[in-house]
Structure formats: structure tokens, C-alpha cells
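A structural walkthrough
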Amino acid sequence: MKNRGMLLAALLILLGGCVPRVEVRLPQPPDLYTLGPTYFCGYRKGSPLPHQVFAAIGGDPVSITLLGGDSAAVGVEESYAPEGSAGGESPLLGYPGALSGCLRPAPSTDFTPGGNFTLVHTFGPDRQKIYSLDELNASPRGMRAYQALDLRGEPVGVLVMIEEWVDADYNDAVLLLKGAAPLR
């Protein structure tokens, strides 16, 4: 009986070596806290939205957060201006270093625009400006807006993607705008 058990165990080991091995590879989850084509510092890019002029929604202040970016420019500043008043910017927040990924903690502030407004991004030592109004920018510089979705896919605001240079990747700076909706 003992030999029979040993023979059976040996047979199972031998047969086990003949069974094809199945390798299962699960997809790698996206790194949600980086800049990428879909995920931006914990937010997912949704549908494209108008990006030229914004309006506050509800009675709460508008908030703007500099999530991060991928730019060699040192020193960025985010501002807003009343619609039709380019040049009359009100500074909101700044970041003194170069943007190379997500900022932790991300600088954020609230503001009350008092009407329709545009966004202004200032960067570099010569303080170049990028506007949400396309006609004020030299192509391909500019801004684009997308619905910002949280990790569950719920809308949480507007992702504003900024192009400072010439490669049109629109990831030089990434803003999250809450409490405002794009008008055009």
C-alpha cells in the first residue's frame, strides 16, 4: 500500500510537469498621480469643453488649483481678467519653480470674479503670457479645457491644459477650475 501511494505521488509529479503553464498578466493600473494622456494628478480628462470665457456657477467662490505640469519654465503665475479686459489681470497664485509632474501639495486659491472672466497664465523670466482667449496667443500656444472627472468618473470641475511652447502637448501647466463653467 505504501509503494502504491509513492507510485501515485510520483505519477502526479510527472504528470504535473506535462501540464501547460498558464500565465495570467493583469493590466497595470494607470499611475493616477502623474501627468499623462488621460490622468492628470488624480483627475481624469473627460469631454472637451469651450475654453475661452468662464462664468461662476452657484453662489460659492471659484477655486483654481495648479495641479502640475511638464515645463522647463521657472516661475508661473495664474491670473484672471474680466471678459473684454485683457491686461487687467488679477493675480491668483504662483509657483516659483519649474513644473515637472504633479505638485504635492498643489497650490490652490478661491476668488470671486464678479462676472464672466478669462484666464491668464504667465511664465518664465521674461513673463510671457498665455490667454484662454485664442486670439491673444501666438499659435500653437494656448489653453484647452476638458471636463475633470474624479477617480469614480464623477464630474468635479474643469481641467485647463496650457501650452507654453511649440509642441502642442498641452501639458506645460494643468489647472483644476471648480465652481465655474465655460461659456465659449
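Residues numbered from 1 in each chain as written. Predicted model: local features only at pLDDT ≥ 70, side-chain atom pairs only at ≥ 80, totals over all residues. Heavy atoms only, no water.

Describing unusual backbone geometry
For the bond from Arg104 to Pro105, the omega torsion is -5°, close enough to zero to count as cis. Relative to the elements of secondary structure, Pro105 occurs in the loop between β5 (90-102) and β6 (108-111). Cis geometry is found at the peptide bond from Ser139 to Pro140, where omega equals 5°. At Cys41, a position not held by glycine, the phi torsion is positive, near 55°. By secondary structure assignment, the location of Cys41 is in the loop between β1 (39-40) and β2 (43-49). By relative accessible area, Cys41 is classed as buried at 3%. Although it is not a glycine, Tyr170 adopts a positive phi angle of roughly 50°. Within the secondary structure, Tyr170 sits in the loop between β10 (155-163) and β11 (173-178). On the basis of relative accessible area, Tyr170 is assigned to the buried category, the value being 14%. (Helix = DSSP H or I, 4+ residues; strand = E, 2+ residues; numbered from the N terminus. Buried < 20%, exposed > 50% of the residue type's maximum accessible area, 1.4 Å probe, protein only.)

Looking at the side chain of Ser71
Locating Ser71 in the fold gives a position in strand β4 (residues 62-82). Of note is the side chain of Ser71, whose polar atom sits 3.0 Å from the backbone nitrogen of Ala73. Filtering out sequence-adjacent residues up to four positions away, Ser71 remains in contact with Ala98, Leu99, Glu164, Trp165 and Asp172. (Polar contact = N/O pair within 3.5 Å; in protein donor to acceptor, adjacent residues only side chain to side chain. Contact = heavy atoms within 4.5 Å.)

Quick word on the confidence of the model for the protein
Confidence in the prediction of the protein, expressed as mean pLDDT, is 88, and 81% of residues score 70 or more. Highest mean pLDDT in the protein belongs to β6 (98); lowest belongs to helix α1 (residues 2-16) (64). (pLDDT = per-residue confidence, 0-100.)

Quick notes on the packing of aromatic side chains
Scanning the model with the defined rule gives 5 aromatic pairs in all. Here Phe111 and Phe117 contribute two aromatic rings whose centre-to-centre distance is 5.5 Å and whose plane-to-plane angle is 85°, an arrangement assigned as edge-to-face. The same class applies to Phe111 and to Phe117, which are both buried. Plain terms: the ring middles of Phe123 and Trp165 are 5.4 Å apart, the flat faces sit at 75° to each other, and that makes the pair edge-to-face. Of this pair, Phe123 sits in strand β7 (residues 117-123) while Trp165 sits in the loop between β10 and β11; the two residues are 42 residues apart in sequence, bridging distant segments of the chain. (Phe/Tyr/Trp six-rings, centres within 6.5 Å; stacked < 30°, edge-to-face > 60°.)

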